[in-house]
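A closer look at the structure
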Amino acid sequence: MSGGILRQPMSVWATAFAAVVAFMGIGLVDPILPAIAQGLDATPSQVSLLFTSYFLVTAVAMLVTGWVSSRIGGKRTLLAGLTLVVVFAALAGTSGSVAELVGFRAGWGLGNALFVATALAVIVGAATGGAESAVILYEAALGLGISLGPLAGALLGDWNWRAPFFGTATLMAAGFLLILTLLKATPPPATRTRLSAPLRALAHGGLSTTAFTALFYNFAFFTVLAFTPFILGMSPYGIGAVFFGWGVCVALASVLGAPALRRRLGPVGVLHLALALLAVGQIGIAVTASAGQHAGIVAFTVLTGVPIGLCNTVFTESAMEVSDAPRPVASAGYNFVRWMGGALAPYLATKLGEDLGTPVPYLLGALCCGVGMAVLFTRRHHLGALAPAVV
């Protein structure tokens with residue numbers, strides 16, 4: 001990362017810190033999923049609803065984030081989202097049943113949607129070095145959060161499965177104070193966003209192509225994230241270590257690999273490459289799991305972080321560039337569609353794994369990668385606005 005990208009106002013770093021903690025919440029529960037299932041006497045598929053409720057609410061709430069922020073301003077929207085995360089993360093730690101925990105994760109997802117969608121727009125508006133630098137910073141926060149989340153979940157979860165939820169609430173409260181004190185008030189834009197704007201934006205062929213390809217990608221992504229902890233057969237520390245390594249691959253590929261490959265292959269070329277690699281990784285997990293090769297499961301799980309990091313950055317940049325819709329509106333429409341993949345995958349993958357065998361969810365994930373590549377290829381004429389490769 002260049003020095004120019006690193007020289008940012010304190011408001012950007014405050015928002016980025018809070019974004020890191022917000023993204024920690026995605027992988028935080030990974031190492032403790034088996035412990036939660038045991039502690040609350042629940043099946044793996046029931047526990048996987050922690051992801052489903054979180055991302056389903058996040059996806060739907062994306063449709064109203066622009067409407068809210070255009071009326072109360074970016075800073076107030078960030079603070080409202082952080083407040084909800086603090087409250088519902090703390091409540092999650094008090095859960096007495098899996099149903100309560102799933103419900104509190106849904107409230108957490110609402111806060112996450114308000115924060116995450118607005119954080120990207122705030123970072124893009126306040127960062128120096130242009131939109132590309134801002135997206136790289138945002139994806140760096142995502143990668144760092146995803147890598148640290150399982151580690152924090154393991155360290156705290158080994159003590160008690162409730163501790164990671166209280167830890168997240170504490171860190172998000174710190175993020176609230178940083179944004180409250182360091183981020184200048186952002187007045188609402190002159191033009192208010194209509195509730196229908198994100199859905200209308202999806203009428204653009206390029207944005208809808210990007211969004212629906214990302215939906216299939218996210219299904220594959222969250223198959224790895226939500227189901228794999230149950231087949232690793234490891235302690236919270238072991239699961240946390242595996243997904244920390246995976247998260248490091250996500251972060252490095254997002255920040256270092258994606259920009260370089262995008263210049264050489266163009267965004268569509270990078271997405272084809274990344275989806276193909278993710279499909280190979282999923283098949284690798286399926287084959288090694290079927291053969292009982294534990295080391296192979298670990299290796300392929302960690303390596304899937306590379307194509308996931310590439311996809312995260314290039315999909316986000318492409319969604320911002322491919323249409324003439326305002327960035328917050330394009331982001332809301334795109335995220336509404338793509339997070340549906342994150343909502344569907346955890347429960348379906350885990351249920352298929354319970355009923356049909358461990359390899360099946362990963363083979364379905366590989367198939368989803370293939371479908372995503374087919375969507376990109378058949379609708380490539382809608383993606384002409386994306387920057388071509390540099391020859």
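Please refer to the structure placed before this passage.
Residues numbered from 1 in each chain as written. Predicted model: local features only at pLDDT ≥ 70, side-chain atom pairs only at ≥ 80, totals over all residues. Heavy atoms only, no water.

**A look at the packing of aromatic side chains**
The following threshold applies: Two rings from Phe, Tyr or Trp (for Trp, the six-membered ring) form a pair when their centres sit within 6.5 Å of each other. Planes less than 30 degrees apart are called stacked, planes more than 60 degrees apart edge-to-face, and all others tilted. Accessible area is worked out with a 1.4 Å probe on protein chains only. A residue is then buried under 20% of its type maximum, exposed over 50%, and partly exposed in between. Only DSSP runs of H or I with at least four residues qualify as helices, and only runs of E with at least two residues qualify as strands; both kinds are numbered from the N terminus onward. Two conditions define a charge located above a ring, namely a distance within 6 Å from the ring centre to NZ of Lys or CZ of Arg, and an angle within 35 degrees of the ring normal.
Enumeration over the complete set of coordinates arrives at 14 aromatic pairs. Geometrically, the ring pair formed by Trp 161 and Phe 165 is edge-to-face, given 6.3 Å between the ring centres and 85 degrees between the ring planes. Here Trp 161 and Phe 165 have matching classes, each one buried. Between Tyr 217 and Phe 221 the ring centres are 5.8 Å apart and the planes differ by 35 degrees, which places this aromatic pair in the tilted class. Within this pair, Tyr 217 and its partner Phe 221 are both found in helix α10 (residues 205-232), separated by 4 residues, close to a single helical turn. Judged by relative accessible area, Phe 221 falls into the buried class, the value being 3%. Sitting over the ring of Tyr 54, Arg 105 keeps its end group 4.2 Å from the ring centre. A cation over a ring is seen here: Arg 380 above Phe 377, with NZ or CZ 4.1 Å from the ring centre.

**Notes on the side chain of Arg 105**
Keep this limit in mind: A residue counts as positive if it is Lys or Arg and as negative if it is Asp or Glu; His and the chain ends are not included. The salt bridge criterion pairs a side-chain nitrogen of Lys or Arg with a carboxyl oxygen of Asp or Glu, the two atoms within 4 Å. Whenever a nitrogen or oxygen atom comes within 3.5 Å of another N or O atom, the pair is scored as a polar contact, on the condition that within protein one atom can donate a hydrogen and the other can accept it, and that pairs from neighbouring residues in sequence are kept only if both atoms are in side chains. Two residues qualify as a contact provided that any one of their heavy atoms is within 4.5 Å of a heavy atom in the partner residue.
Mapped onto the secondary structure, Arg 105 falls in helix α6 (residues 98-126). Despite its burial, Arg 105 pairs with no opposite charge, the nearest such side chain being Asp 30 at 7.9 Å. Among the polar contacts made by the side chain of Arg 105, one reaches the main-chain carbonyl oxygen of Leu 50 at a distance of 3.3 Å. When neighbours within four sequence positions are excluded, Arg 105 is seen to be in contact with Gly 25, Val 29, Leu 50, Phe 51, Ser 53 and Tyr 54.

**With respect to helix α5 (residues 74-92)**
Where we set the bar: Expected helix span is given by 1.5 Å per residue-to-residue step, counting one fewer step than there are residues.
Between its terminal C-alpha atoms α5 stretches 27 Å, which fits the 27 Å expected from 19 residues at 1.5 Å a residue. Within the sequence span of α5, burial applies to Gly 74, Lys 75, Thr 77, Leu 78, Leu 79, Gly 81, Leu 82, Val 85, Ala 89 and Ala 92. Where α5 is buried, its residues contact α2 (10-27), α4 (44-72), α6 and α8 (163-182).

**Some thoughts on the pattern of salt bridges**
Within the structure shown, the criterion is met by 2 salt bridges. Glu 317 is paired through a salt bridge with Arg 262; the nearest N and O atoms lie 2.9 Å apart. Taken together, the residues span a long stretch of sequence, with Glu 317 in helix α13 (residues 305-321) and Arg 262 in helix α11 (residues 236-290) at a distance of 55 residues. The class of Glu 317 is buried, set by a relative accessible area of 5%. Residue Arg 262 is classed as buried on the basis of its relative accessible area, which comes to 9%. In this structure, Arg 262 and Glu 321 form a salt bridge, with 2.6 Å as the shortest nitrogen-oxygen distance. Of this pair, Arg 262 sits in helix α11 while Glu 321 sits in helix α13, and the two are 59 residues apart along the sequence. Overall, Glu 321 belongs to the partly exposed group, its relative accessible area being 36%.

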